[in-house]
Amino acid sequence: MNLRETIVESLIRSAGDVFSTMLGSELASGEVTIEPTCAEPNDGVVSFIGIAGSWVGTGSLTCSPAVACRICAAMLMTEAPSVNEDVLDAVAELTNMIIGSVKTDLESQLGPLGLSIPTVVFGRNFRTRSAGTAEWMHVRFQWDEDELLIKMCLAPNEKPHVVHHGANPTCTLEV
Amino acid sequence: MDSDILVVDDSAAIRKILTRVLRQTGMAIQTIHEAGDGQEAMSVVAEHRIDLVLSDINMPKMDGLQLLASLKASAQWHDIPVVMITTEGGETKVAEAVRLGAAGYVRKPFTADQIKEKLVGILEPALPL
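Reading the values: rules and limits
Residues numbered from 1 in each chain as written. Chains lettered and ligands numbered in written order. Predicted model: local features only at pLDDT ≥ 70, side-chain atom pairs only at ≥ 80, totals over all residues. Helix = DSSP H or I, 4+ residues; strand = E, 2+ residues; numbered from the N terminus. Rg over C-alpha atoms; globule rule 2.2 N^0.38 Å. Buried ≥ 20, exposed ≤ 12 C-beta atoms within 10 Å, placed from the backbone. Contact = placed C-beta atoms within 7 Å. Axes fitted to C-alpha atoms, helices over the stretch in contact; angles between N-to-C directions. Parallel < 35°, antiparallel > 145°, perpendicular 65-115°, else oblique. Left-handed = near helix turned anticlockwise from the far one by under 90°. Expected span 1.5 Å × (residues − 1). Nonpolar A, V, L, I, M, F, W, Y, C, P; charged D, E, K, R; others polar. Pairing = 2+ DSSP bridges.

Engineer: Explain the overall build of chain B here, please?
Structural biologist: Looking only at helices and strands, chain B has five helices and five strands in total. When the helices and strands of chain B are read in sequence order from the N terminus, they spell out β-α-β-α-β-α-β-α-β-α. What you see for chain B is a C-alpha radius of gyration of 13 Å, in line with the 14 Å of a compact globule of 129 residues. The principal-axis extents of the C-alpha atoms in chain B amount to approximately 35 × 30 × 25 Å. Counting over 129 residues, chain B shows a buried share of 37%. Sequence separation of at least 24 residues holds for 61% of the intrachain contacts in chain B that already meet a minimum separation of 6.

Shown next, in the form of structure tokens:
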């Protein structure tokens, strides 16, 4: 299994585990695509978390405001009629758990990785762009009638600064 | 005697979830205090009699490992058990937490049963799991 397949499989497993454990819901994975880096139009809530180490990248979760409110309601067991601090915090934490779990899966292959503190953006018709050139792995999930998108990009760090504990720093992103 | 527990996480969502989960465990808990980072946690520990700290690792200002190290280096508070609750499943940070004296760790996502199982053994070792 190449790294891309490992990441996609880990994203699907991690998202399913987190939804099952923290929200008591089943999540169905749908379309998986590989997209080039580009400025993407967005509407709704986007949560980002950075990954750093011998490999660097970003994981993100994108959903509509209604889905974000639903996540909050299921996670905190409190009604969220509109996107507020609790909703943004719940989406950020959900992203943290999913990408954190993927990070743990990848560390056996890539060596120690660190996570940033999540950032959440809520708005209409805004664009996001990663400064890196890595391709993004997109996994669309179906949550009952709702949809959410989890993405991740990862590339070797050109300036690694961490100590490798038996990792394989020359691992390539095979297609 | 009922216990006072301090929950430390920069996510208000996780603090709410943990507070709810702790109440659901049925353990003898008097008060659940909250802090958003290690610095706040040190202030709470200085003001209250804390029996156990549940702490995230990745936090701004003072992270969970720094908080753990500070508590263990303190003559006054080194006996307070600290359980790390974190997405950090990798060996590096968990090993560091154990080396610094953590009483245990629970990985996010967690269930109420996992939290209870971990804490009962620390707070109420005489009770069956």
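So much for the structure itself; the text now carries on.
Engineer: Is there a simple way to explain the overall build of chain A in this structure?
Structural biologist: In terms of regular secondary structure, chain A is built from three helices and seven strands. Seen in sequence order, chain A has helices and strands lined up from the N terminus as α-β-β-β-α-α-β-β-β-β. The burial tally for chain A puts 40% of its 175 residues in the buried class.

Engineer: Teacher, can you tell me more about the environment of A:I150 here?
Structural biologist: Residue and element names in this part refer to chain A. The topology assignment puts I150 in strand β7 (residues 146-156). In the structure, I150 is positioned 87 residues away from C63 in sequence and 8.9 Å away in space, judged by C-alpha atoms. Discounting residues that sit within four places of it in the chain, I150 has contacts with L11, A15, L61, I98, V139 and F141.

Engineer: When you look at the packing of helix α1 (residues 3-23) of chain A against helix α3 (residues 85-110) of chain A in this model, what are you seeing that I'm missing?
Structural biologist: Geometrically, a packed helix pair is captured by the angle between its two axes and the distance between the axes. All names here are of chain A. With their axes 9 Å apart at the nearest point, α1 and α3 run at an angle of 140° to one another. When the axes of α1 and α3 are compared, the pair comes out oblique. Classified by chirality, the crossing of α3 by α1 is right-handed. Mapping the contact onto sequence places T6, I7, S10, L11, S14, A15, D17, V18 and M22 in α1 and L94, M97, I98, S101, V102, D105, L106 and Q109 in α3.

Engineer: Quick question: what am I supposed to make of helix α2 (residues 65-76) of chain A here?
Structural biologist: At 3.6 residues per turn, the α-helix brings residues three or four places apart onto the same side. Residue and element names in this part refer to chain A. Taking 1.5 Å of rise per residue, the twelve residues of α2 would be expected to cover 16 Å, and the 16 Å separating its terminal C-alpha atoms lies within 8% of that figure. By the burial criterion, the buried members of α2 are A68, C69, R70, I71, C72, M75 and L76. Positive backbone phi, at 55°, marks M77, one or two positions downstream of α2.

Engineer: Just checking my understanding: could you explain the interface of chain B and chain A for this structure?
Structural biologist: The parts lose accessible area when they come together, and the size of an interface is often stated as this lost area. Taken residue by residue, the interface counts 19 residues in chain B and 22 residues in chain A. The leading source of residues in the side of chain B that touches chain A is helix α1 (residues 12-24) of chain B, at six residues. Here the residues of the side of chain B that touches chain A sort into seven nonpolar, seven polar and five charged.

Engineer: Where do I start with the sheet that holds strand β1 (residues 3-8) of chain B in this structure?
Structural biologist: One key point about sheets: their strands pair by backbone hydrogen bonds, in either a parallel or an antiparallel sense. All names here are of chain B. The sheet built from five strands is open, its strands ordered β2-β1-β3-β4-β5 with parallel pairing. Looking at which strands have only one partner, the edges of the open sheet turn out to be β2 (29-35) and β5 (104-107). Averaged over neighbouring strand pairs, the angle between their axes works out to 20° when direction is ignored. In terms of strand pairing, β1 meets β2 through six bridges, oriented parallel. Paired with V7 across the two strands is E34, which belongs to β2. Where helix α2 (residues 38-47) meets the sheet, it contacts β1, β2 and β3 (52-55), and its direction lies at approximately 165° from that of β1. On the sheet, helix α3 (residues 64-73) packs against β1, β3 and β4 (82-86) and is oriented at approximately 175° with respect to β4.

Engineer: Just to check I follow, could you spell out α1(B) for this structure?
Structural biologist: Taking 1.5 Å per residue, 13 residues should reach 18 Å; α1(B) reaches 18 Å between its end C-alpha atoms and fits that length. Among the residues of α1(B), B:A13, B:I14, B:R15, B:K16, B:I17, B:L18 and B:L22 are the ones counted as buried. Packing partners of the buried residues in α1(B) comprise α2 and α3 of chain A together with β1, β2, β3 and α5 (112-123) of chain B. Looking one or two residues beyond α1(B), the residue adopting positive phi is B:G26, at roughly 80°.

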